[in-house]
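# Understanding the architecture of this molecule
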Amino acid sequence: MKKSKFASLFLSSTLLIGILAGCGAEEGKSSEGGDTIKIGANLELSGAVASYGTSEADAIDLAVEEINAAGGIDGKQIELIKVDNKSDAAEATNAAIKLTSQDKVTAIIGAATSGNSVAQVQIATDTKTPMISPSGTSTTVTVGDDGKVNPFTFRTAFIDPFQGTVAANFAANELKVKTAAVYADNASDYAKGLAAAFIKDFEAAGGKIVAEESYVAKDTDFRSNLTRIKSSNPEFVFIPGYYEEVGLIVKQARELGITVPLMGADGWDSPTLVDLAGADALNNSYIITAYSSEDPDGKAKEFSDKFKEKYGKDPNSFNALGYDTVYLLKDAIERAGSTDGTKIKEAIEATDQLELVTGLYSVDENHHPIKSATIIEFVDGAQVFKTKVNP
């Protein structure tokens with residue numbers, strides 16, 4: 001997911017980055033001959049989207065505990081170093097500097113959002129530190145504005161255009177709707193990218209977009225735009241955005257009498273959404289996500305049972321993505337046979353059909369995952385597995 005603007009983020013850190021440029025390139029940053037492998041976690045543990053970061057942190061802890069209890073990675077225990085980026089891109093940059101220069105980690109997991117992940121890209125590149133965002137879905141996490149691949153940056157989640165395509169195909173082919181409205185955050189590249197992909201593919205499938213409306217993050221009253229959407233009489237409304245606003249949008253849409261199916265992407269996936277929208281309002285709503293605790297796949301069920309035993313609740317997709325990211329990194333380090341950043345990067349690039357909780361995982365030439373997506377339906381406030389869509 002992508003949450004914040006990051007233009008000019010690195011200007012304040014230019015001198016520090018210059019100093020860091022060679023500090024991570026040497027073999028064994030985290031003591032190749034020692035007993036531990038240092039892994040950093042740069043996550044949103046507080047702030048506006050703390051729900052995402054804390055969910056990933058819980059599952060990362062679980063994965064690290066499991067791996068260490070089973071003997072670690074090549075006999076070395078993982079030493080996890082967590083830093084709170086406070087849901088802020090500048091703080092994410094500072095956290096990456098700390099993790100690479102002071103803590104000298106082998107790799108970084110995070111951030112949860114795309115903007116906070118992009119804020120670390122230059123540091124990861126300069127220090128040759130592999131960085132994996134569990135849930136940063138914007139293409140800009142791994143491919144820069146110049147079209148070049150960010151060499152040390154990867155993601156575990158699928159990319160935004162794929163989610164827009166999945167939503168369009170689901171609406172047209174599964175729900176059989178012919179008309180749709182789109183209501184997106186016009187200040188969010190995440191939302192705009194999803195909206196563009198949805199519109200393109202829905203129209204290609206023979207559908208018609210009857211209304212396009214926009215809102216801005218932190219808005220709380222959406223009734224005017226929703227009234228216009230209602231007057232266009234759509235059979236379906238696509239709302240790419242984040243749970244803070246989406247919860248209120250769904251609530252107000254139902255209050256205005258919009259009863260048609262509503263759908264969003266992974267930005268909806270937070271327990272807080274039900275609190276904001278209300279369980280009844282969310283009925284007949286769908287989201288695209290990486291994981292469902294009801295997925296009949298055996299590996300998904302095993303993870304769900306372990307997570308529930310430790311935390312007393314069902315895991316969500318951010319939990320699953322955080323967990324998978326640790327195992328993706330473990331697999332790469334073991335295949336690399338080294339804690340050297342370049343060798344780990346090359347091992348991640350070569351990942352092919354790795355079995356993870358969120359499905360089989362491969363990496364393409366742009367460091368985008370090739371993996372399936374899950375569609376979940378809300379039923380009386382609960383997330384119910386609907387179907388799985390392959391790429």
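Summary of the structure given here. As the structure is a computational prediction, the values presented were derived from the model and not from experiment.

This part is about the overall build of the chain. Per the secondary structure count, the chain includes 14 helices and 15 strands. Projected onto its principal axes, the C-alpha positions of the chain cover 65 × 45 × 35 Å. Within the chain, the fraction of its 391 residues that count as buried is 59%. Counting contacts in the chain only where the partners sit at least 6 residues apart, residues at least 24 apart contribute 71% of the total. When the accessible area of the chain is evaluated, it comes to approximately 14300 Å², of which 50% is carbon and sulfur surface. The chain carries 37 positive and 56 negative side-chain charges, and their two centres are separated by 2 Å.

So, on to the nonpolar core. Core analysis: the biggest nonpolar cluster contains 62 residues, and Phe 198, Phe 202, Met 263 and Trp 268 have the highest contact counts within it. Those residues within four positions of Phe 202 in sequence are excluded, and the remaining contacts are Ala 168, Ala 171, Ala 172, Val 177, Lys 178, Thr 179, Ala 180, Gly 207, Lys 208 and Ile 209. Residues Ile 67, Val 326, Ile 344 and Leu 356 belong to the second largest nonpolar core, which totals 36 residues.

Attention now moves to the pattern of salt bridges. A full pass over the atoms with the stated rule returns 16 salt bridges. With a shortest N-O distance of 3.2 Å, Asp 221 and Arg 223 are connected by a salt bridge. Looking at Arg 223, the relative accessible area reads 37%, which means it is partly exposed. Ionic pairing is found between Glu 255 and Arg 223, a salt bridge with its closest N-O pair at 3.6 Å. Taken together, the residues Glu 255 in helix H9 (residues 243-255) and Arg 223 in helix H8 (residues 223-231) connect sequence positions 32 residues apart. When salt bridges with common partners are traced through the structure, they connect Asp 221, Arg 223, Lys 251 and Glu 255 into a single cluster.

This part is about the sheet that holds strand E7 (residues 208-215). With mixed pairing, the seven strands of this open sheet are ordered in space as E7-E6-E8-E9-E10-E14-E15. Two strands close off the open sheet at either side, each with one partner strand: E7 and strand E15 (382-389). Pairing analysis gives seven bridges linking strand E6 (residues 179-185) to E7, with the strands arranged parallel. When the bridges of E7 are listed, Ala 184 appears paired with Ser 214.

On to the packing of aromatic side chains. All chains considered together, the criterion is met by 17 aromatic pairs. Seen in terms of ring centroids, Tyr 52 and Tyr 243 are 5.3 Å apart; in terms of plane orientation they differ by 85 degrees. Their pairing is edge-to-face. Here Tyr 52, found in helix H2 (residues 50-69), pairs with Tyr 243, found in helix H9; they are 191 residues apart in sequence, far enough to count as distant. Judged by relative accessible area, which is 6%, Tyr 243 ranks as buried. Relative to Phe 222, the ring of Tyr 183 lies with its centre 6.3 Å away and its plane at 80 degrees, an arrangement referred to as edge-to-face. Placement of the pair is Tyr 183 in strand E6 and Phe 222 in the loop between E7 and H8, with a sequence separation of 39 residues.

Another point: the pairing of strand E12 (residues 359-363). Most of E12 is tucked away, with four of its five residues classed as buried. Once strand E11 (residues 354-356) ends, the chain turns through two residues before running back antiparallel as E12. Here two bridges tie E12 to strand E13 (residues 369-370), and the two strands are oriented antiparallel to one another. When the sheet's bridge partners are listed, Val 363 is paired in E13 with Pro 369. Counting the residues that bridge the hairpin from E12 to E13 gives five residues, and of these His 367 lies at a positive phi of roughly 65 degrees.

Moving on: unusual backbone geometry. With an omega dihedral of 5 degrees, the bond running from Gly 110 to Ala 111 counts as a cis peptide bond. With respect to the helices and strands, Ala 111 occurs in the loop between strand E3 (107-109) and helix H4 (114-118). Its identity is not glycine, yet Asp 74 carries a phi of approximately 50 degrees, on the positive side. The backbone of Ser 87 sits at a positive phi, close to 60 degrees, despite the residue not being glycine. Along the chain, Ser 87 turns up in the loop between strand E2 (77-84) and helix H3 (89-102). Under the relative-accessibility criterion, Ser 87 is labelled buried at 16%.

Cut-offs applied
- Residues numbered from 1 in each chain as written.
- Predicted model: local features only at pLDDT ≥ 70, side-chain atom pairs only at ≥ 80, totals over all residues.
- Heavy atoms only, no water.
- Helix = DSSP H or I, 4+ residues; strand = E, 2+ residues; numbered from the N terminus.
- Buried < 20%, exposed > 50% of the residue type's maximum accessible area, 1.4 Å probe, protein only.
- Contact = heavy atoms within 4.5 Å.
- Areas by Shrake-Rupley, 256 points an atom, 1.4 Å probe, with all protein chains shown as cover.
- Lys, Arg positive; Asp, Glu negative; His and termini not counted.
- Charge placed at Lys NZ, Arg CZ, Asp CG, Glu CD.
- Core = buried A, V, L, I, M, F, W, Y, C linked by side-chain atoms within 4.5 Å.
- Salt bridge = Lys/Arg side-chain N within 4 Å of Asp/Glu carboxyl O.
- Pairing = 2+ DSSP bridges.
- Phe/Tyr/Trp six-rings, centres within 6.5 Å; stacked < 30°, edge-to-face > 60°.

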